[in-house]
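If you want the building blocks of each chain, they are given just below.
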Amino acid sequence: MAAAAATWRYRGDPEAEQPAVLVRFSNGRLRRSDSMRFTVYRNRDTAHPRKKHRRILVSETERLSYVGNNFSSGVTKCNSLCRYFVGVLDKDSGQMEVYNAEIFNMQPLLSDNLIPDDTKDYQSKSYREKMDLCIEAFGTSKQKRALNSRRMNAVGSDILNTAVTKAAANIIDAKGVTALIQDVAQDDVQNISVFLPPCNEDADKPENVYKFEDILSPAEYEALRVPAAVFVNITPEEIAKKTEDKSHCSFVLEELKFLPTDEKSRDHKARCLWFLDTLIKFSYLKVIKKKHPMGPECPHIISRKLMKTFSSLTYNNGSVQNLISASMKAKITAYVIALALHINNFQTDLTVLQNDMKLQESRMMDIARAMRLKVSKAKGLPGLENDQNHKLGTLSLPLPVQKASGNQRKRKKMN
C-alpha cells in the first residue's frame, strides 16, 4: 500500500519576532509536560539589532526552577550555526505547517543559601566597595587582576605615606624648622633657572640670547596668523572698549596702542601680543579640566604647546590631571618676559608684567635676575599703577654675572 502524500507550507514565526520555543533539560528528561509552567522574558531594547532578539526562558516545577537563554556564553555553538523548525501536521488534510524554532538549554537554578542574608553590612558599604564585591563574584579574569592590583597599590601607598611622614618628622627633629625653611627658600631661587628659556650666553646680539625660535617655532608662529588678525585690524575705539572691559592684560592693551603702520611689522607684533596674552590667561588656571582650555579660537598646535610645555601631570582621585604648579607658573613668567623683551626692543616694564601675572615683586625679581636682566627703577606708564615704583628689565651685553647662592638677599622672618 503506497504511503499517503503530504505537503508543507512555511509560515515563519508563530508570533511577531517570536520563534517557537524548544526546550532541552540538561539534567534529565521531562515525564509530564502538563506539570511545567513556562515564562519568556524579552529584552526591553527593541531598537538594538542584537539585544532585541535576546530571550530568557524560565520554567517552574514543584521541586526546582529551570532557566535558559539564547545569548550567554553557555549557549551551545550549534544554535548559531543551525536553523531549527517545528512542523505541525494535520493528519486529515495531509498539510504540514512549518514554523521557525529556537532551542533553549534549561539548567536547574540551585541555591546553597536559603536563609536571607543580613544586608546591613552591605548597605553600609560605598558604591566602590559594592562594585568590588560584584567583580570578586562575577567579574572576568582581567577585572579580578585589575582589582587585586588596585588593592595592592592602595596598601603600598599607605605604607609609603607612613614612611614619608616618619622620615619627615625625623628630619624636622634633627635639623629644625627654621633651617629647613631657609634651605627651601634658597633652593627655590636656584631652581628657577631650570624653567628658563634656552639661554645663549655667547650671543653677539641681545636678540640671540633668548632666540625667538625657542619661544615660538615657525609652525606655531604661522598658526597664530588667524587668531591674531583681530589685533592687526583693531581700531582705537575697540582698544578703548577692551580696556574698559579688561578683556586683555594691561601689557597687551598698552602695546596695542603702538602697533607699527608697516604691514609686516604690525602682523608680527600682533601675533606676539596674542600669544603673550594667551600665556598669561593660561597661567590663571589651576587644574585644567578641558581638552582645549583656551577655547576653540586657540589653534590646536598652540593648545598642545601650552599643555605639554607649561603644565605638569598629576594623579588625583583616580585620574590623571594637568595643573599649573608654582614651578610651571615661574616657567610661564620667564617665557612672558622673554617675549616682552622681543616686543619692546629688549627693555620692558617688569612691574606691569608682574601685576598681569599676579605675582609678588620678590618672585618677579628672582626670575628677572635669573634671566640675566639688569633691573633698574623707572616711572610707570600713564594710568598703570602710578603709585608703584616700577622696575625696568633690560637685556644687554655682556650679560651680568650670576651671583652665588650665598649672596641671596635675606628673607624676613615669619612669626
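Residues numbered from 1 in each chain as written. Predicted model: local features only at pLDDT ≥ 70, side-chain atom pairs only at ≥ 80, totals over all residues. Heavy atoms only, no water.

Engineer: Where do I start with the pattern of salt bridges in this structure?
Structural biologist: Side-chain pairing between opposite charges can occur once the charged atoms of the two side chains come close. One pass over the full model with this rule turns up 15 salt bridges. Note that glutamate 222 is salt-bridged to arginine 271, the shortest N-O span being 4.0 Å. With a gap of 49 residues between them, glutamate 222 in helix H7 (residues 218-223) and arginine 271 in helix H11 (residues 263-283) connect regions that are remote in the sequence. On the basis of relative accessibility, which here comes to 7%, the residue arginine 271 falls in the buried class. One salt bridge in this structure joins glutamate 361 and lysine 391, with 3.2 Å as the shortest N-O distance. Pair noted here: glutamate 361 is in helix H15 (residues 361-370) and lysine 391 is in strand S13 (residues 390-394), with a separation of 30 residues, a long-range link. A cluster of three or more residues bridged by salt bridges with shared partners is formed by Glu222, Arg225, Asp267 and Arg271. (Salt bridge = Lys/Arg side-chain N within 4 Å of Asp/Glu carboxyl O. Helix = DSSP H or I, 4+ residues; strand = E, 2+ residues; numbered from the N terminus. Buried < 20%, exposed > 50% of the residue type's maximum accessible area, 1.4 Å probe, protein only.)

Engineer: Please explain the packing of aromatic side chains as it appears in this structure.
Structural biologist: Each pair of aromatic rings is reported with the distance of its centres and the angle of its planes. Evaluation of the coordinates by the stated rule reveals 4 aromatic pairs. Ring geometry for tyrosine 10 and phenylalanine 85: centres 6.1 Å apart, planes at 75°, overall edge-to-face. A residue pair is termed long-range when its members are at least 10 positions apart, and tyrosine 10 in strand S1 (residues 7-12) and phenylalanine 85 in strand S6 (residues 84-90) qualify at 75 residues. Taking the relative accessible area as the measure of exposure, phenylalanine 85 reaches 42% and is therefore partly exposed. Ring centres of phenylalanine 212 and tyrosine 221 lie 5.8 Å apart, and the angle between their planes is 80°; on these two criteria the pair is classed as edge-to-face. Residue classification places phenylalanine 212 among the buried positions, given a relative accessible area of 14%. When the ring centre of phenylalanine 310 is taken as origin, the NZ or CZ atom of lysine 331, which lies over that ring, is 5.9 Å away. In this arrangement the basic side chain of lysine 358 is found over the ring face of tyrosine 284, its NZ or CZ atom lying 4.2 Å from the centre. (Phe/Tyr/Trp six-rings, centres within 6.5 Å; stacked < 30°, edge-to-face > 60°. Lys NZ or Arg CZ within 6 Å of the ring centre and 35° of its normal.)

Engineer: What is the right way to read the side chain of glutamate 97 from this model?
Structural biologist: Mapped onto the elements, glutamate 97 comes out in strand S7 (residues 95-108). Apart from residues lying up to four places away in sequence, glutamate 97 is in contact with Arg9, Arg11, Val86, Gly87 and Val88. (Contact = heavy atoms within 4.5 Å.)

Engineer: What am I meant to see in unusual backbone geometry here?
Structural biologist: Trans is the common state for peptide bonds, and a negative phi is the common state for residues other than glycine. Note the cis peptide between leucine 397 and proline 398, where omega equals -5°. Within the secondary structure layout, proline 398 lies in the segment after S13. A positive phi angle is found at asparagine 345, which is not glycine, with a value near 60°. The topology assignment puts asparagine 345 in the loop between helix H13 (326-343) and strand S11 (347-349).

Engineer: How should the sheet that holds S11 be read in this particular structure?
Structural biologist: Paired through their backbone hydrogen bonds, the strands of a sheet run either parallel or antiparallel. With antiparallel pairing, the 3 strands of this open sheet are ordered in space as S11-S13-S12. What marks the edges here is a single partner per strand, and that holds for S11 and strand S12 (374-378). This sheet shows a mean twist of 30° between the axes of neighbouring strands, independent of strand direction. In this sheet, S13 lies alongside S11 in antiparallel orientation, the contact comprising 3 bridges. (Pairing = 2+ DSSP bridges. Axes fitted to C-alpha atoms, helices over the stretch in contact; angles between N-to-C directions.)

Engineer: Where do I start with the nonpolar core in this structure?
Structural biologist: Counting residues in hydrophobic clusters, the biggest one holds 62 residues, and the most contacted among them are Phe251, Leu276, Phe282, Ile337 and Met371. With 12 residues, the top contributor of residues to this core is H13. Each residue touching phenylalanine 282, except ones within four places of it in the same chain, is listed here: Ile288, Pro293, Met294, Leu306, Met307, Phe310, Ser311, Ile324 and Ile332. In terms of nonpolar packing, the next biggest core, distinct from the first, is built from 6 residues, Phe25, Leu57, Tyr66 and Met106 among them. (Core = buried A, V, L, I, M, F, W, Y, C linked by side-chain atoms within 4.5 Å.)

Engineer: Any chance you could explain H13 here in plain terms?
Structural biologist: Given 3.6 residues per helical turn, the α-helix brings residues three or four places apart onto the same face. Relative to the 26 Å expected for 18 residues at 1.5 Å per residue, H13 spans 26 Å between its end C-alpha atoms, a close match to the ideal helical length. Buried residues dominate H13, accounting for 16 of its 18 residues. Looking one or two places after H13, you find asparagine 345, whose phi comes out positive at around 60°. (Expected span 1.5 Å × (residues − 1).)

Engineer: I would appreciate a short explanation of the environment of histidine 248 in the present structure.
Structural biologist: Relative to the assigned elements, histidine 248 resides in the loop between helix H9 (236-245) and helix H10 (250-255). Along the primary structure histidine 248 and lysine 281 are separated by 33 residues, whereas in three dimensions their C-alpha atoms are 8.5 Å apart. When residues no more than four places from it in sequence are discounted, the contact partners of histidine 248 are Phe231, Lys242, Leu253, Asp277 and Lys281. Among the polar contacts listed, one links the side chain of histidine 248 to the side chain of lysine 242, at a separation of 3.4 Å. In terms of polar contacts, histidine 248 uses its side chain to reach the side chain of aspartate 277, at 2.9 Å. (Polar contact = N/O pair within 3.5 Å; in protein donor to acceptor, adjacent residues only side chain to side chain.)

Engineer: Even after reading the chapter, I still don't get a nonpolar patch on the surface, so can you show me in this structure?
Structural biologist: On the surface, a cluster of nonpolar side chains totalling about 270 Å² of accessible area is made up of Val21, Val23, Phe38 and Val40. Of all the secondary-structure elements, those providing two or more residues to the nonpolar patch are strand S2 (20-25) and strand S3 (37-42). Summarising the element assignment, phenylalanine 38 is placed in strand S3. (Patch = residues over 30% accessible without salt bridge, like charges linked within 9 Å, V, L, I, M, F, W, Y side chains within 5 Å. Areas by Shrake-Rupley, 256 points an atom, 1.4 Å probe, with all protein chains shown as cover.)

Engineer: Looking at this structure, I do not really get the packing of H11 against helix H12 (residues 300-309). What am I missing?
Structural biologist: Each packed pair of helices is defined by two parameters, the angle between the axes and the distance between the axes. Contact geometry of H11 with H12 gives a least axis separation of 12 Å together with a crossing angle of 45°. Relative to H12, the element H11 lies oblique. The handedness of the crossing between H11 and H12 is right-handed. Each of Phe275, Thr278, Leu279 and Phe282 in H11 lies in contact with H12, whose residues at this interface are Ile302, Lys305, Leu306 and Met307. (Parallel < 35°, antiparallel > 145°, perpendicular 65-115°, else oblique. Left-handed = near helix turned anticlockwise from the far one by under 90°.)

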